[in-house]
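Residue-level structure breakdown
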Amino acid sequence: MNATTGLVPLLLGQAASGTSSLPTLSVLMQFLIVKYFTHYYSYCTIGRDFVEDVEDVSRTVLAVNDQLQSNLLLAIDNGCQAFVVDEPGIGSFLDLFIPLHDIARQRSLDKGLILLVTQQHQQELFDRIRSHDAFRELPNVLLVVYSAREWPTNLYTTAIRVKDVLERRVNVTLEPHTIDWSSWRTHNFFPDKSTDLMGYVLRTAMCNYLPFTSYERLDIDEWGDVYPNGTGIGLMGSVAERRTDIAFGAFYLWFKPYNFSTYTATISRSGVTVLVPKPKMLPFWRTPFLSFSVPLWIAVMMTLLAGIAAVWIAGTVRHRLLLLSIGVDGDPAELIAEQRTLSDAVLMMVGFFVAQSSSIRTDLWSCVFLFTALLLAGFMVSNLYSGGLASVMTVPQYEKSIDTVKDFAATGMPWYGPTPYCLEEIWNATEPHLQQIQKTYIAAEPEETKLHVRMGDSGFIIEQAQHGNFAPSDFLDRESSTTLQPLKDTIYTQNCAALITNTNPLRSNLNEYILRVQQSGILYHLGTRAAIRYLPTDVMRNIERARIHQHDESAVKLEIGHFLGAYFILGYGLLCAGLAFLGELWGTAIVRRMSELLAWKETVNTAPVPNAGTR
């Protein structure tokens, strides 16, 4: 602002010294630069420096030579936001404008451009300019045609016409800039072109994200990918290759496409979670085993084994004490009934645990203490089991539910999503569970995802929108939505934005519009109304209510299926008994044959050998 104030008297004095109010090219350029380019961080001049005598004007001066490409890229990265290009460098600058801005790290808005053209080469340059695609990204352009004596003769601005939406080539119309040179200092040399776009076509790409977007399908690759050389497929590739100007479709702030494009302001916030299979009801044959948890079953089995060992040892010691009490004249056969075998110990302990009676020896106080403890233990186990069995038979029992991201990672279950970029937010995560789910993630096409939904053995990425609604997913239908449930927490949250070309001239206007819409609260209203009207509400309702089971409200009636577990135990016992019986028969037959064979060999070996001389 100070530079502008100091420069105006100089310009007025130079203009007054002439024979008319027409300024020289130098005076006009000083005025234009100070008035329109000083609000930029810096501007770049290719050719002559018109403000070398003016202080406080940040600029970079470049020469037209073999180093123009590298120097211009460095200037852009250092903050050059506007350009003044003299005639020798116009062609090279226009050819380099888009490629250099695509690889530059600096993303500046509202580029301004002044081109200086001599009358001698005016027609030649105009013919080249009329089809140059760089002007699609440069609406704020002023062409100054000057004479050999360096007096401005004509001024032009550009208007863009697009013949075909899918064509990159444009038709640039050079419209004369009518100026009253008697009052040129008050003239607007860069009029606003964003209020009325005058037929400018903004080529837009979007995903099938009903009801928020609707489109005619041209890309079959959905989000797609961007490769290190700047080419790509799908929506991201179309922007990187400038086949489209802007792409919508729940893009997060991913770094890889940012190398060749940029993002708008945040449109919405969303959280990414996983749809996992709902826990299925446990089969009825497992009912007898559900009363105790695995650790309790281990404790019961250890108690049973300890009791069997104690009963068998106590019975063996008691039998030996009885043998000693009868003396040497007694008959041990009389005490066979008093002997406690291992089978007796097993059946006795099982009887204690199922509240059955058993013969108990009371002639030794040690046996009394032992069997008293075993009876109490069996009583406790039996009653605890009965209480647990009553609960599991009347309250439906389900598989263990997958509730958190850590639970999901522990399962090792594969999960599917539309693009590998869905994991970009956690690529560098150090948490073990996040590293684990990265290994099981698979990027798949919609048809493959639908196939795995029907199989019911995988997880699927899903997005929860800013105001609580789940975003639409093509792989979900009414039937599959009843088999899935979302995790209770999110893998990560992220901001959604649109992907746009680096030099898109409408980015600042679009950002302003996005922020106004955000602060108005209309997104909540429109999102809710759109979801009610267009989204499959039954599918979304199934997902939202997935954790409310149909049997949660009351107990169920006992059915014949509840006794399958008892029949299973009976069948298993009969099978084991049958196999043991067959084994005993087979073993008895083998023992008998071995006994007969040994007896025959013994008979042969003990038989007398006849005399060799006797006939």
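Below you will find a few notes about this structure.

Rules and cut-offs
Residues numbered from 1 in each chain as written. Predicted model: local features only at pLDDT ≥ 70, side-chain atom pairs only at ≥ 80, totals over all residues. Heavy atoms only, no water. Helix = DSSP H or I, 4+ residues; strand = E, 2+ residues; numbered from the N terminus. Polar contact = N/O pair within 3.5 Å; in protein donor to acceptor, adjacent residues only side chain to side chain. Contact = heavy atoms within 4.5 Å. Salt bridge = Lys/Arg side-chain N within 4 Å of Asp/Glu carboxyl O. Buried < 20%, exposed > 50% of the residue type's maximum accessible area, 1.4 Å probe, protein only. Expected span 1.5 Å × (residues − 1). Phe/Tyr/Trp six-rings, centres within 6.5 Å; stacked < 30°, edge-to-face > 60°. Lys NZ or Arg CZ within 6 Å of the ring centre and 35° of its normal. Axes fitted to C-alpha atoms, helices over the stretch in contact; angles between N-to-C directions. Parallel < 35°, antiparallel > 145°, perpendicular 65-115°, else oblique. Left-handed = near helix turned anticlockwise from the far one by under 90°. Nonpolar A, V, L, I, M, F, W, Y, C, P; charged D, E, K, R; others polar. Pairing = 2+ DSSP bridges.

Further remarks concern the side chain of Ser481. Note on placement: Ser481 falls in the loop between β16 (459-464) and β17 (484-486). A distance of 2.9 Å separates a polar atom in the side chain of Ser481 from a polar atom in the side chain of Asn542. When neighbours within four sequence positions are excluded, Ser481 is seen to be in contact with Leu476, Val539, Asn542 and Ile543.

For the structure on display, the rule yields twelve salt bridges. Ionic pairing is found between Arg128 and Asp95, a salt bridge with its closest N-O pair at 2.7 Å. Of the two residues, Arg128 is situated in helix α5 (residues 122-129) and Asp95 in helix α4 (residues 90-103); the sequence distance between them amounts to 33 residues. We classify Arg128 as partly exposed; its relative accessible area is 42%. Sharing partners across several salt bridges, the network here consists of Arg48, Asp86 and Glu150.

We now examine helix α15 (residues 537-544). Listed as buried for α15 are Asp538, Val539, Met540 and Ile543. Structurally, α15 contributes buried residues whose contacts are with β13 (268-277) and β17.

Counted at 1.5 Å a residue, the expected span for helix α2 (residues 25-37) with its 13 residues is 18 Å, and the 17 Å between its end C-alpha atoms agrees. In terms of burial, α2 is largely enclosed, as eleven of its 13 residues are buried. Leu25, Val27, Leu28, Met29, Gln30, Phe31, Leu32, Ile33, Val34, Tyr36 and Phe37 are the residues of α2 that are buried.

What follows is about the packing of aromatic side chains. Scanning the entire structure with this criterion turns up 19 aromatic pairs. Seen from their ring centres, Phe37 and Tyr40 are 5.8 Å apart, and the 65 degrees between their planes marks the pair as edge-to-face. Aromatic ring contacts, followed pair by pair, group Tyr36, Phe37, Tyr40, Tyr43, Phe189 and Phe190 into a single cluster. Above the ring of Tyr258, the side-chain terminus of Arg107 is found at 3.9 Å from the ring centroid.

Along the chain, Arg507 falls in helix α13 (residues 507-520). Between the alpha carbons of Arg507 and Asp110 there is a distance of 8.3 Å; along the sequence they are 397 residues apart.

Moving on: the packing of helix α3 (residues 68-77) against α4. As a packed pair, α3 and α4 sit with axes 10 Å apart at the nearest point and diverge in direction by 50 degrees. The angle between the axes of α3 and α4 places the two elements in the oblique class. Crossing geometry of α3 relative to α4 is assigned as right-handed. Along the contact surface, α3 presents Leu68, Gln69, Leu72, Leu73 and Ile76, while α4 presents Ser92, Phe93, Leu96, Leu100, His101 and Ile103. For the contact of α3 with α4, the class distribution of residues is eight nonpolar, three polar and no charged.

For the rest of this paragraph, the subject is the sheet that holds strand β2 (residues 59-62). Overall, mixed pairing links the seven strands, which are arranged β2-β1-β3-β4-β5-β6-β7 in an open sheet. Of all strands in the sheet, those with a lone pairing partner are β2 and β7 (171-176), marking the two edges. When strand polarity is set aside, the average angle formed by the axes of neighbouring strands in this sheet is 25 degrees. Pairing between strand β5 (residues 141-146) and strand β6 (residues 152-161): four bridges, direction antiparallel. The residue of β6 that forms the bridge with Val145 is Asn154.

Keep in mind that these numbers describe shape and distance, not what the molecule does.
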